[in-house]
Amino acid sequence: IRKCQCLPQQMTDTDVIFIGYEKGRTKLLNEIAAHLAPFRVNLHIVHDSSEVIPYADYVERIRRSRCLVDVIIGNQKGITLRPLEALTYKKKLITNCVQICDEAFYSSQNIFVIGRDDWSRIDEFLSSPFDESVLSMAGRYVVYMPEEGHNGVSRKIGKEEERKRQEEQQRK
């Protein structure tokens with residue numbers, strides 16, 4: 001992940017945003033929204049293809065928000081693209097993916113884990129600044145977004161690959 005230095009900072013008009021397919025997540029998303037009652041919450045739950053927004057609009061909405069919501073479903077293992085997007089755009093993240101705590105970029109200042117963190121601290125979480133020290137983990141993940149309509153693929157870079165990449169950067 002590389003910081004998006006080329007993009008100017010946007011004014012925020014949404015505190016917390018979710019954009020994604022329903023996939024049985026509505027109940028949990030509504031519970032999350034109930035905990036966030038005093039905040040400006042935007043849940044764009046997609047039920048069919050007519051409600052899908054172009055990726056450029058999706059990114060623009062992320063940029064105008066302070067925090068993203070990531071809800072994994074069923075037996076899903078590992079992280080989705082949302083945490084990587086949150087890192088890229090320096091946004092906070094609310095997620096139910098407990099495994100995210102094992103990631104190198106995890107910071108309790110940036111990531112609120114449902115079922116692990118206490119909702120009573122959500123005001124403090126959302127009002128504190130983004131911990132940019134985690135951005136030093138740049139390069140540990142590769143995100144492929146080859147064209148506008150593509151959903152993207154991410155993969156964690158292995159330690160050996162990361163070591164080689166760092167050696168190359170030092171030689172430049």
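To keep things clear, this report deals only with the structure shown in the data block. Once a new chain begins, its residue numbering starts again from 1 and follows that chain's sequence as written. Residues qualify for local features only when their pLDDT is at least 70, as the model is predicted, and side-chain atom pairs are given and counted only at 80 or more; totals for whole chains, interfaces and linings, by contrast, use all residues. Each side-chain value is derived from all of the structure's non-hydrogen atoms; neither hydrogens nor water enter the calculation.

## Regarding the pattern of salt bridges
We define a salt bridge as a side-chain nitrogen of Lys or Arg found within 4 Å of a carboxyl oxygen belonging to Asp or Glu. Following the criterion strictly, the structure yields nine salt bridges and no others. Of the charged contacts, one joins Arg-121 and Asp-117 as a salt bridge, the two residues approaching to 3.9 Å between their closest N and O atoms. Burial here depends on accessible area, computed with a 1.4 Å probe over protein chains only, as a share of the maximum for the residue type. Under 20% is buried, over 50% is exposed, and the range in between is partly exposed. Looking at Asp-117, the relative accessible area reads 14%, which means it is buried. Connected through salt bridges with shared partners, the residues Asp-15, Arg-40 and Arg-66 form a single ionic network.

## What about the environment of Thr-80?
Among the secondary structure elements, Thr-80 is positioned in the loop between strand 3 (65-70) and helix 3 (81-88). C-alpha of Thr-80 to C-alpha of Ile-100: the two residues are 20 residues apart in sequence and 9.8 Å apart in space. Once residues lying within four places of it in the same chain are set aside, the contact partners of Thr-80 are Asp-70 and Ile-72. Whenever a nitrogen or oxygen atom comes within 3.5 Å of another N or O atom, the pair is scored as a polar contact, on the condition that within protein one atom can donate a hydrogen and the other can accept it, and that pairs from neighbouring residues in sequence are kept only if both atoms are in side chains. Side chain to side chain, Thr-80 and Asp-70 meet in a polar contact 2.8 Å long. At 3.2 Å, the side chain of Thr-80 and the backbone nitrogen of Arg-82 are in polar contact. A run of H or I in DSSP becomes a helix once it reaches four residues, and a run of E becomes a strand once it reaches two; helices and strands are each numbered from the N terminus. Residue contacts are counted whenever heavy atoms from the two residues lie within 4.5 Å of one another.

## With respect to helix 2 (residues 55-63)
Structural remark: α-helix, 3.6 residues per turn; residues separated by three or four positions point the same way. Tyr-58, Val-59, Ile-62 and Arg-63 are the residues of helix 2 that are buried. Down the axis, helix 2 shows its buried residues gathered within 135° of arc, on one side only. Close packing links the buried residues of helix 2 with strand 1 (14-21), strand 3 and helix 3. Think of the arc as the fan of directions from the helix axis to the C-beta atoms.

## A closer look at the environment of His-35
Of note, His-35 is situated in helix 1 (residues 26-35). Under the relative-accessibility criterion, His-35 is labelled partly exposed at 38%. Along the chain, His-35 and Ser-120 lie 85 residues apart, while their C-alpha atoms are 8.9 Å from each other. Not counting the four nearest positions on each side in its chain, His-35 is found in contact with Trp-119 and Ile-122.

## Focus: the pairing of strand 1
Buried residues dominate strand 1, accounting for seven of its eight residues. Sheet topology note: the strand 1/strand 3 ladder contains three bridges and is parallel. Paired with Thr-14 across the strands is Ser-65, a residue of strand 3. Seen with its strands pointing away from the viewer, a crossover is right-handed when the path leading from the first strand over the helix to the second is clockwise. Crossover handedness for the path strand 1 to helix 1 to strand 2 (residues 41-46): right-handed. Criterion used throughout: strands pair if DSSP finds at least two bridges between them.

## Some details on the pairing of strand 4 (residues 92-95)
Side chains Lys-92 and Ile-94 project from strand 4 onto one buried face, and the interleaved Leu-93 and Thr-95 project onto a second face that is buried too. Taken together, the four bridges between strand 3 and strand 4 define a ladder with parallel strand orientation. Bridge assignment links Val-69 to a residue of strand 4, and that residue is Ile-94. Each parallel crossover has a hand, and for strand 3 linked through helix 3 to strand 4 it is right-handed. Relative to strand 5 (residues 111-113), strand 4 runs parallel, the two being bridged by three bridges. Following the sheet pairing, Thr-95 is matched in strand 5 by Val-113.

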